[in-house]
Amino acid sequence: MTLAARGIPDGLTVSLHRARIRPGMEDEATRWMQMLNDRHDEAVATLDREHMAIEIVFRSSEPTGDHLTWVTVRGPGEEVGTSTHPLDVDHLEYDRRVRLPGWTTAEVHLLLVPEPVLAAITDWARVSGST
């Protein structure tokens, strides 16, 4: 059943994507996330041209294997897959090695954010990268 989530302004995309880590690549997944953490300032700087207001990565261990889950809030902007930025190139190389192809996605049913925070996120996601 499709439900129109209340509270998501036009032009803002809220998403959750989940993928399984390839069996035997758990240590490489740890190195991937460590690389992104070690290059935190550089990673944050890439968000501007992507109009990415929020990006959160979770890791979970389950009987079927380890998974990475991305939660993002963004406006329309450059996709990491088309970027030539060195961090994005390294990020995609890890992605190809570590993550099984395909994504499980979840449909947003509700977004609860106080109006001043939502306004700031929406304004930033719409105008970032355009200056």
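The structure under discussion appears in the preceding block.
Residues numbered from 1 in each chain as written. Predicted model: local features only at pLDDT ≥ 70, side-chain atom pairs only at ≥ 80, totals over all residues. Heavy atoms only, no water.

Q: How should helix H3 (residues 86–98) be read in this particular structure?
A: An α-helix turns once every 3.6 residues. As a result, residues three or four positions apart point the same way. Relative to the 18 Å expected for 13 residues at 1.5 Å per residue, H3 spans 18 Å between its end C-alpha atoms, a close match to the ideal helical length. Within H3 the residues assigned to the buried category are Leu87, Asp88, His91, Leu92, Tyr94, Asp95 and Val98. Around the axis of H3, the buried residues are gathered within 160° of arc, so they sit on the same side. Where H3 is buried, its residues meet strand E1 (13–20), helix H1 (26–38), helix H2 (40–50) and strand E3 (65–74). (Helix = DSSP H or I, 4+ residues; strand = E, 2+ residues; numbered from the N terminus. Expected span 1.5 Å × (residues − 1). Buried < 20%, exposed > 50% of the residue type's maximum accessible area, 1.4 Å probe, protein only. Arc of directions from axis to C-beta. Contact = heavy atoms within 4.5 Å.)

Q: Help me understand the sheet that holds E1 in this model?
A: Strand pairs in the sheet, formed through backbone hydrogen bonds, run parallel or antiparallel to each other. If you walk across this open sheet you meet the 4 strands as E2-E3-E1-E4, and the pairing is antiparallel. Where the open sheet ends on each side, the last strands, each with one partner, are strand E2 (52–62) and strand E4 (104–106). Strand after strand, the sheet turns through a mean of 20° between neighbouring axes, direction not considered. Bridging between E2 and E3 involves 10 bridges; their strand directions are antiparallel. Among the inter-strand pairings, Glu62 is bridged to a residue of E3, identified as Gly65. (Pairing = 2+ DSSP bridges. Axes fitted to C-alpha atoms, helices over the stretch in contact; angles between N-to-C directions.)

Q: I'm lost on the nonpolar core in this one. Help?
A: Note on soluble globular proteins: their nonpolar side chains tend to be buried together. Counting residues in each nonpolar core, the largest one holds 12 residues, listed as Ile21, Ala29, Trp32, Met33, Met35, Leu36, Ala43, Leu68, Trp70, Leu87, Tyr94 and Val98. In contact with Tyr94, other than residues within four places in its own chain, are Glu28, Arg31, Trp32, Met35 and Arg99. Within the second largest apolar cluster, 7 residues are counted, among which are Leu12, Val14, Val73 and Ala125. (Core = buried A, V, L, I, M, F, W, Y, C linked by side-chain atoms within 4.5 Å.)

Q: Hey, could you run me through the pattern of salt bridges in this one?
A: Any two side chains of opposite charge can pair, on the condition that their charged atoms come close. The final tally for this structure, using the stated rule, is 9 salt bridges. With a closest N to O distance of 2.8 Å, Glu28 and Arg31 form a salt bridge. Note that Glu28 and Arg31 are positioned in helix H1 at a spacing of 3 residues, about one turn of the helix. Beyond isolated ion pairs, a larger network of salt bridges with shared partners links Glu28, Arg31 and Arg97. (Salt bridge = Lys/Arg side-chain N within 4 Å of Asp/Glu carboxyl O.)

Spatial relationships are all this shows, so hold off on functional conclusions.
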